[in-house]
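Each chain is listed here by its residues.
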Amino acid sequence: MLTSAAERKAETGYRIAPECPGAIASFQLPATLGFGLVTAPVMYSCEYDGRHWGSRQLLEYGPLQIYPGARALQYAELVFEGMKAYRVGHEQPNLFRAHDHWQRLANSSARLSIPVLPEDLFLEGVEAMVRACAPFIPRISGRSLYLRPFVYGTEPGYMIRNSTTLRFIVIANPVEPYASGAMSVAIERKDSRAGLGGTGTAKTGGNYAASLRATSAAGTRGHHVVLWLDAPEHRYIQELSGMNLFAVIDGELHTPALDGTILPGITRDSLIAIARRDGLKLHERRMEIDELIGQIGSGRCTELFACGTAAIVAPIRQLVDADGSAHAPKLLDVLAARLRESLLSIQERRAPDSFGWVREIRIG
Ligand code: COI
């Protein structure tokens, strides 16, 4: 039993604020979680002073102090990740593809010219949260602890340049999947999420800001998400703000190739690896929206689904165009269900992990 803050720091390498144990002990996991509605009562924090990363600590969850002129608020100098820890059927929790999430954060940082957070600090932050939150990592299949690590510029100022100071935070949420039920997807023919040379491949707040107007309009028409098309022509499929798209055409899997505008989804990459392992024919290619609509109409495209860390594998019921025409493939959640189960069985350690994606975090 750790008695003092100094002893706790000596054991973990980071300071654990004295409020944390009480906050964790009094936290109750509700029966219904939703996605992002329930927040863990602690957070990890580490600061960059322009030369060194330091001041590593686990704090009680709460509002951040930030200068109103901070670059993160004024110029969206922010990169983030979304990753999950699982504790289904095993005492010890596990992370999924933690190194790949760090690598993507590093790539996002490079795109915004933000100094890269060292991998050991990234892992310290997420593992600190997994250990602290272990009592309320859901034990039910499909549920998990969603971890949201992010780095943002804290220095105030209006000059358009990088902040010299940064803060790295990890917050966490016990979650159910992001999308519940089959999705209705609105094809966006006017707004654009990302263009070549832009920030579409980076996980940065600005991409999500760009998606808000169309997403809000689609929501008022009863759709769940927006399908983005390429910026100059609105002809080629990109992605669905927080998910990547797959289509089953003539019994084979098709997904848009990573063309420099699409976020390289780690779930997308995992499904591709699983499909190849299972001998499914898979095509990463330029996909035209009007061609796909034609293939749904002719019955060649039998199924659509989306995937992402938050969404896992989510079936799509229909694509709806700007003129209101709906295009519904005849199958729902057939291959998607199979791939979801293959992925979850690795993430939840019900099946062997021949890819080396899963890492156990020992909590005792
Ligand atoms: C994720 O899947 O981790 C995302 O960031 C998507 C977001 C819509 C929750």
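Residues numbered from 1 in each chain as written. Predicted model: local features only at pLDDT ≥ 70, side-chain atom pairs only at ≥ 80, totals over all residues. Heavy atoms only, no water.

> Would you mind showing me how to read the overall build of the protein chain here?
Looking only at helices and strands, one finds ten helices and 17 strands in the protein chain. For 364 residues, the compact-globule estimate of 2.2 N^0.38 gives 21 Å, and the C-alpha radius of gyration of the protein chain, at 21 Å, lies within 12% of that figure. Along the three orthogonal principal directions, the C-alpha set of the protein chain runs to about 70 × 50 × 35 Å. Every one of the 364 residues in the protein chain was classed for burial, and the buried ones make up 54%. In the protein chain, 70% of the contacts between residues at least 6 apart in sequence involve partners at least 24 apart. (Helix = DSSP H or I, 4+ residues; strand = E, 2+ residues; numbered from the N terminus. Rg over C-alpha atoms; globule rule 2.2 N^0.38 Å. Buried < 20%, exposed > 50% of the residue type's maximum accessible area, 1.4 Å probe, protein only. Contact = heavy atoms within 4.5 Å.)

> Please clarify how the packing of aromatic side chains should be interpreted in this entry.
Aromatic ring pairs are described here by two measures, namely the spacing of the ring centres and the angle between the planes. Within this structure, the stated rule accounts for twelve aromatic pairs. Both rings, one in F35 and one in Y178, keep their centres 5.2 Å apart while their planes meet at 85°; by these two values the pair is edge-to-face. With F35 in the loop between α2 (20-25) and β2 (42-48) and Y178 in the loop between β8 (166-175) and β9 (183-187), the pair connects residues that are 143 residues apart, well separated along the chain. Overall, Y178 belongs to the partly exposed group, its relative accessible area being 48%. Pairing F122 with F168 gives two aromatic rings, centres 6.3 Å apart and planes at 25°, and the pair type is stacked. (Phe/Tyr/Trp six-rings, centres within 6.5 Å; stacked < 30°, edge-to-face > 60°.)

> Can you help me understand the pattern of salt bridges in this one?
Any two side chains of opposite charge can pair, on the condition that their charged atoms come close. In the structure shown here, the tally under the stated rule is 27 salt bridges. Between R139 and E91 there is a salt bridge whose closest N-O contact spans 3.2 Å. Within this pair, whereas R139 is found in the loop between α5 (119-133) and β7 (144-153), its partner E91 is found in the loop between β5 (83-86) and β6 (94-96), the two being separated by 48 residues in sequence. Across the pair E284 and R276 runs a salt bridge, and its minimum N-O distance is 3.6 Å. (Salt bridge = Lys/Arg side-chain N within 4 Å of Asp/Glu carboxyl O.)

> Mind showing me how you'd approach helix α10 (residues 335-347) here?
Owing to its 3.6 residues per turn, the α-helix aligns residues three or four sequence positions apart on the same side. Between its first and last C-alpha atoms α10 spans 18 Å; for 13 residues at 1.5 Å apiece the expected length is 18 Å, and the two agree. Across the 13 residues of α10, ten count as buried, placing the element largely inside the fold. Considered for burial, the residues of α10 that qualify are L335, A336, L339, R340, S342, L343, L344, S345, I346 and Q347. Just beyond α10, the residue with positive phi is R349, at close to 60°. (Expected span 1.5 Å × (residues − 1).)

> Where do I start with the side chain of N173 in this structure?
Looking at where N173 falls in the secondary structure, it is placed in strand β8. Of the polar contacts made by the side chain of N173, one reaches the backbone oxygen of V38; its length is 3.0 Å. In this view, N173 contacts G36, V38, T39, S144, L145 and Y146; residues no more than four positions away in its chain are not counted. (Polar contact = N/O pair within 3.5 Å; in protein donor to acceptor, adjacent residues only side chain to side chain.)

> Which parts of the structure should I look at to understand the pairing of strand β15 (residues 312-320)?
Working note: regular strand, side chains alternate between the two faces of the sheet. With respect to burial, β15 is a largely interior element, eight of its nine residues being buried. Sheet topology places β9 next to β15; four bridges connect them, and they run parallel. Looking across to β15, one finds that M183 is bridged to I316. Taken together, the five bridges between strand β14 (residues 301-308) and β15 define a ladder with antiparallel strand orientation. The residue of β15 that forms the bridge with C307 is V313. Remark: three residues form the turn of the hairpin made by β14 and β15, two consecutive strands paired antiparallel. Bridge count for β15 against strand β16 (residues 326-327) is two bridges, and the pairing is antiparallel. Looking across to β16, one finds that L319 is bridged to H327. Where β15 folds back on β16, the antiparallel hairpin that results is connected by five residues, among which G324 adopts a positive phi of roughly 90°. (Pairing = 2+ DSSP bridges.)

> How should I be thinking about the domain arrangement of the protein chain in this particular structure?
Interfaces are frequently sized by the accessible area removed from exposure as the parts join. For the protein chain, the domain assignment lists domain 1 (5-176) and domain 2 (183-347). A straight line from the C-alpha centre of domain 1 to that of domain 2 covers 28 Å. The interface of domain 1 with domain 2 comprises 21 residues on the first partner and 21 residues on the second. Here domain 1 meets domain 2 over a buried area of about 1,800 Å², counting both sides, of which 59% is carbon and sulfur. The interface formed by domain 1 and domain 2 holds one salt bridge in total. Here R97 and D269 are joined by a salt bridge, their closest N and O atoms 2.8 Å apart. The interface formed by domain 1 and domain 2 holds twelve residue pairs in polar contact (both at pLDDT 80 or more) in total. Looking at the side of domain 1 that touches domain 2, the elements that each hand over two or more residues are β4 (78-80), β5, β6 and α4 (98-111). (Domains from an automatic or database assignment. Buried area = accessible area lost by both parts, 1.4 Å probe.)

> Just to check I follow, could you spell out the environment of L64 for this structure?
Along the chain, the position of L64 falls in the loop between β3 (53-60) and α3 (71-75). For L64, a relative accessible area of 33% corresponds to the partly exposed category. It is 9.9 Å that separates the C-alpha atoms of L64 and I169, two residues lying 105 residues apart in sequence. Among residues more than four places away in sequence, those in contact with L64 are M43, Y152, R167 and I169.

> Teacher, can you tell me more about the nonpolar core here?
It is characteristic of soluble globular proteins that their nonpolar side chains tend to be buried jointly. Judged by nonpolar contacts, the single largest core of 54 residues is most densely connected at Y44 and L147. When residues in this core are grouped by element, the largest group, nine residues, is from α5. The residues touching L147, leaving out its near neighbours within four places in the chain, are E81, G82, M83, K84, A85, L95, V126, M129, V130, V170, I171 and A172. Core analysis: the next-biggest nonpolar cluster, separate from the first, contains 25 residues, M183, V185, M243 and A311 among them. (Core = buried A, V, L, I, M, F, W, Y, C linked by side-chain atoms within 4.5 Å.)

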